[in-house]
There are 2 protein chains.
Amino acid sequence: MPTSPKLKKRPNAPTYDDVVSAAKQISGHAVRTPLLESPLFNEKLGGRLLIKAECLQRSGAFKFRGAYNRLSRLDDAQRKSGVVAFSSGNHAQGVALVSQMLGVPAVIVMPKDAPEIKVSNTRAYGAEVIFYDRDTDDREKIGASLASDRGATLVPSFDDPFIIAGQGTAGLELADQAKELGAKLDAVIIPCGGGGLTSGCALALRKVTPDTEIYAAEPETFDDTARSLAADERVSVKPDQKTICDALMMPTPGEITFSINRKLLTGALTATDDDVLRAMKAAFNYFKLAVEPGGAIALAVAMSGAFDIRGKTVGVICSGGNVDAQVFAAALNVE
Amino acid sequence: MPTSPKLKKRPNAPTYDDVVSAAKQISGHAVRTPLLESPLFNEKLGGRLLIKAECLQRSGAFKFRGAYNRLSRLDDAQRKSGVVAFSSGNHAQGVALVSQMLGVPAVIVMPKDAPEIKVSNTRAYGAEVIFYDRDTDDREKIGASLASDRGATLVPSFDDPFIIAGQGTAGLELADQAKELGAKLDAVIIPCGGGGLTSGCALALRKVTPDTEIYAAEPETFDDTARSLAADERVSVKPDQKTICDALMMPTPGEITFSINRKLLTGALTATDDDVLRAMKAAFNYFKLAVEPGGAIALAVAMSGAFDIRGKTVGVICSGGNVDAQVFAAALNVE
């Protein structure tokens, strides 16, 4: 395992064992999403692509895994006092659904430009929604202040050991399922916003399939993990960046997530919005999946040549499917 | 088990044991497609809906199951002489893909108005495609004559014991997966064209969950199984009927399939093309699945009120996802 001599393990960084514990905790509650393959698409790509379809996860994204692993460990008093989360939408839905399942009151702080489907689903799961402005408000401050006012537990969207370990169960399953198919993974590519899914999966994959390369996939305008890996410290992208990948608009890697990613990742790769639209169309045509823009970023990296898949066996996580119909229809029209 | 005193078991009708044998035969080759659930959609419907996502099956439809069960049992001489199939598209792709996997030459007779994606995929799997006219040509005659000319084995799309048993594995899995979820199935609704999937699943379900109601779902313009059940004999729909469910345009039930369905089905229910479009949109919104029109007919029946799902637990098979992008985009625009 590659290590950085400069870096000591953080006391609150999760380990592989925490991912295994999370897998037990969510078993029977989360969907064991299928690992899918298309012979036609493989032929087109010249490699073997295995898609972990996390858009089929409960709440429509991998976020259910971390939310369940975190909330199911709250004690009775904490459950009664409720939870607060801030989220661009998928963490919101995951926390809202798990809260509903466990009878925990939930308040979710969401950007006012979040996709309609994410807002309405979050409300439909019974959560209270409070909006903020991505450009002018500090969502972390709003969340912390709400939590303090209400005596509620703040549930971070990525920088939390239980959340990271929960998301890592997707990587653990991917490795197991590849083994069942008799496939030896040359690489796994993972959508990366704050880095929760990437770092959790990296913990799992580095342990169970140590020779597999592990890449974070980012929109080219939100390549903060790529830049941070290059700088060997957490750096941010310039302000006012745009992307259609609403789920990946994190300007800076998380503290805990990056402490893991800098040690375990092979690298970080980027794709454009057009690459993402083409990946969404391919997921529809070849895999019969509705994948949202951010959920398709790793597939976009595998298709665009940013990662050269030819002759290799590559696992790709399609991390979510919460996309408004008109955005999806636009992807179907792309050349 | 309801039985008809008038009817003796046909010598070539498959049994439950043939479905179990098929499940062993396809294991490791077919996808164990997930059984999916949406808490939000359940709330909307007032019942518990479990979707068996066969659009995620290899070749994009359940047809792979029957094709693999049939072709993998051919002997070496038969494999060398090749196979002939006639199909509106999903059986075509299933047979073509399995033929490619097993190194068997395949000729497929398809209607000239088949969806572009089904034709191009069939060719991409290496099969030779010959077109016929749905209104003027007799595809069975064309298929039989091709098979005879080439010394090839004809692989029927539904009226064959190995095909039926293979399709039945979807029902066997559905019952197992419902049990894993702790769900007791009040009913299962199954898309029905020629009746291969319906009769195969009925064989499995009647045995492993005898109290579960079993319904065929048909387009209202191709309700030949409903009419045949009412008449207690095989009757056809009027000629020149139309539907967007290209996979379900069979005017008459199969002989073997109907001999099973008349004994085991609770009934047959229908839905309109508009119901189907709404079901496709719901499958996208709540389940993140791309389902083709014919594949959505059972969901359409569950949503339209043709079957009253309130207070019940109902399994629904979404049988395929091979739909052209413009048709899917139209479904996303339906109210």
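Sequence order as written defines the numbering, with residues in each chain counted from 1. Lettering for chains starts from A, numbering for ligands starts from 1, and both go in the order in which the items are written. Residue-level local features of this predicted model are given only where pLDDT is at least 70; pairs of side-chain atoms are given and counted only at 80 or more, and the full residue set underlies all totals for whole chains, interfaces and linings. The basis for the side-chain values is all heavy atoms of the structure; hydrogens and waters are excluded.

### Focus: the side chain of N261 of chain B
Structurally, N261 of chain B can be placed in helix α11 (residues 255-264). In this description, contact between two residues means that some pair of their heavy atoms is separated by no more than 4.5 Å. Contacts of N261 of chain B, omitting those with residues within four sequence positions, involve G195, T198, S199, A202 and L229 of chain B. Strands are runs of DSSP state E lasting at least 2 residues, helices are runs of H or I lasting at least 4, and numbering of each runs from the N terminus.

### Let's talk about the side chain of T209 of chain A
Structurally, the position occupied by T209 of chain A is in the loop between α9 (196-208) and β8 (213-219). Pairing of N or O atoms within 3.5 Å defines a polar contact, subject to two protein rules: one partner must be a possible hydrogen donor and the other a possible acceptor, and residues neighboring in sequence count only if both atoms are side-chain atoms. Looking at T209 of chain A, its side chain comes within polar contact range of the side chain of T212 of chain A, at 2.5 Å.

### Re the packing of helix α8 (residues 161-180) of chain A against α9 of chain A
Residue and element names in this part refer to chain A. Taken N-terminus to C-terminus, the directions of α8 and α9 make an angle of 45°; their axes are 7 Å apart at the nearest point. Of the possible angle classes, the one that applies to α8 and α9 is oblique. Classified by chirality, the crossing of α9 by α8 is right-handed. Judged by residue contacts, I164, Q167, G168, A170, G171, L172 and A175 of α8 engage G196, L197, S199, G200, C201, L203, A204, L205 and V208 from α9. Axis lines are fitted to C-alpha atoms, over the contacting stretch for helices. Their N-to-C directions set the angle, which ranges from 0 to 180 degrees. The labels follow the angle: roughly parallel below 35 degrees, roughly antiparallel above 145, roughly perpendicular from 65 to 115, and oblique for the rest. Working rule for handedness: look at the near helix, and if it is turned counterclockwise from the far one by less than a right angle, call the crossing left-handed; if clockwise, right-handed.

### Structural notes on the domain arrangement of chain A
All names here are of chain A. An automatic or database domain assignment supplies the residue ranges for each domain. Partitioning chain A into domains gives domain 1 (14-62 + 161-332) and domain 2 (64-155). Domain 1 puts 33 residues into the contact, and the matching count from domain 2 is 26 residues. For the pair domain 1 and domain 2, the summed buried area comes to about 2,400 Å², and 52% of that belongs to carbon and sulfur atoms. Area buried by domain 1 at its contact with domain 2 is led by Q25, S59 and F162, which between them contribute 25% of it. Here a salt bridge means any side-chain nitrogen of Lys or Arg lying within 4 Å of a carboxyl oxygen belonging to Asp or Glu. Linking domain 1 with domain 2 are four salt bridges, by the criterion used here. Of the charged contacts, one joins D246 and K118 as a salt bridge, the two residues approaching to 2.6 Å between their closest N and O atoms. Applying the counting rule to domain 1 against domain 2 returns 17 residue pairs in polar contact (both at pLDDT 80 or more). Counting residues per element, the side of domain 1 that touches domain 2 draws most heavily on α8, which supplies eight residues. The quantity reported as buried area is the accessible area (1.4 Å probe) lost by two parts once they are put together, taken as the sum for both.

### Some words on the packing of aromatic side chains
Describing an aromatic ring pair means giving the distance of the ring centres and the angle of the ring planes. Put simply, two rings from Phe, Tyr or Trp (the six-membered ring, in Trp's case) pair if the centres are within 6.5 Å, and we call them stacked under 30 degrees between planes, edge-to-face over 60, tilted for the rest. Per the stated rule, a full pass over the model turns up 13 aromatic pairs over all chains. Here the aromatic residues F284 and F328 of chain A together with F284 and F328 of chain B are joined through ring pairs into a cluster of three or more.

### Considering the interface of chain B and chain A
At the junction of the two partners, chain B supplies 30 residues and chain A supplies 30 residues. Both sides of the chain B and chain A interface together cover about 2,400 Å² of buried area, and 71% of this is carbon and sulfur. By the criterion of area lost to chain A, the three top residues of chain B are L40, F284 and K288 of chain B, representing 28% of everything that side buries. In this structure, the connection of chain B to chain A is made through zero salt bridges. At the level of secondary structure, the elements contributing two or more residues to the side of chain B that touches chain A comprise α2 (39-45), α5 (90-102), α6 (116-124), α12 (273-287) and α14 (325-332) of chain B. At four residues, α14 of chain B tops the list of elements feeding residues into the side of chain B that touches chain A. Classifying every residue of the side of chain B that touches chain A by side-chain character gives 20 nonpolar, six polar and four charged. Three classes are used, and their members are as follows: Ala, Val, Leu, Ile, Met, Phe, Trp, Tyr, Cys and Pro are nonpolar, Asp, Glu, Lys and Arg are charged, and the others, Gly among them, are polar.

### Some words on the relation of the copies chain B and chain A
Two copies of the chain are present, and they differ by a rotation about an axis and a shift along that axis. Here the copies were fitted onto each other by least squares, based on C-alpha atoms from residues at pLDDT of at least 70 in both. Mapping chain B onto chain A calls for a rotation angle of 180° and an axial translation of 0.0 Å; the resulting RMSD is 0.0 Å. One copy is carried onto the other by what is essentially a two-fold rotation axis. The share of interface residues of chain B whose copies in chain A are also at the interface is 100%, consistent with both copies meeting through the same surface.

### Some remarks on the confidence of the model for chain A
Detailed reading of the predicted coordinates is not advisable wherever pLDDT falls low. Mean pLDDT over chain A: 94, with 97% of residues reaching 70 or higher. As scored by the predictor, the complex reaches a pTM of 0.93 and an ipTM of 0.92. Summary of the metric used: pLDDT quantifies the predictor's per-residue confidence within the range 0 to 100.

### A short note on the packing of α9 of chain A against helix α11 (residues 255-264) of chain A
All names here are of chain A. Relative to each other, α9 and α11 sit at 45°, their axes nearing to 9 Å. As summarised for this structure, α9 and α11 are arranged oblique, according to the angle between their axes. Crossing of α9 against α11: the hand is left-handed. Packed against α9, whose contacting residues are G196, T198, S199, A202, L203 and R206, the element α11 presents T257, I260, N261 and L264 at the interface. Across the contact of α9 with α11, the residue classes break down as four nonpolar, five polar and one charged.

### A look at helix α9 (residues 196-208) of chain B
All names here are of chain B. Any helix carries an expected span of 1.5 Å times its number of residues minus one. Taking 1.5 Å of rise per residue, 13 residues should cover 18 Å, and α9 covers 19 Å from first to last C-alpha, within 8% of that figure. Burial classes: relative accessible area under 20% of the type maximum marks a residue as buried, over 50% as exposed, and values in between as partly exposed (1.4 Å probe, protein chains only). With 11 of 13 residues buried, α9 lies mostly within the body of the structure. Taken together, the buried residues of α9 touch α1 (16-26), α8 (161-180), β7 (187-191), β8 (213-219), α11 and β10 (313-318).

### Considering the pattern of salt bridges
In the structure shown here, the tally under the stated rule is 30 salt bridges over all chains. Note that E54 of chain B and R65 of chain B form a salt bridge whose closest N and O atoms lie 2.6 Å from each other. Remark: R65 of chain B occurs in helix α3 (residues 63-71) and E54 of chain B occurs in the loop between β2 (48-53) and α3; sequence separation between them is 11 residues. Of the two residues, E54 of chain B and R65 of chain B, both sit in the buried class. Connected through salt bridges with shared partners, the residues K52, E54, R65 and E173 of chain A form a single ionic network.

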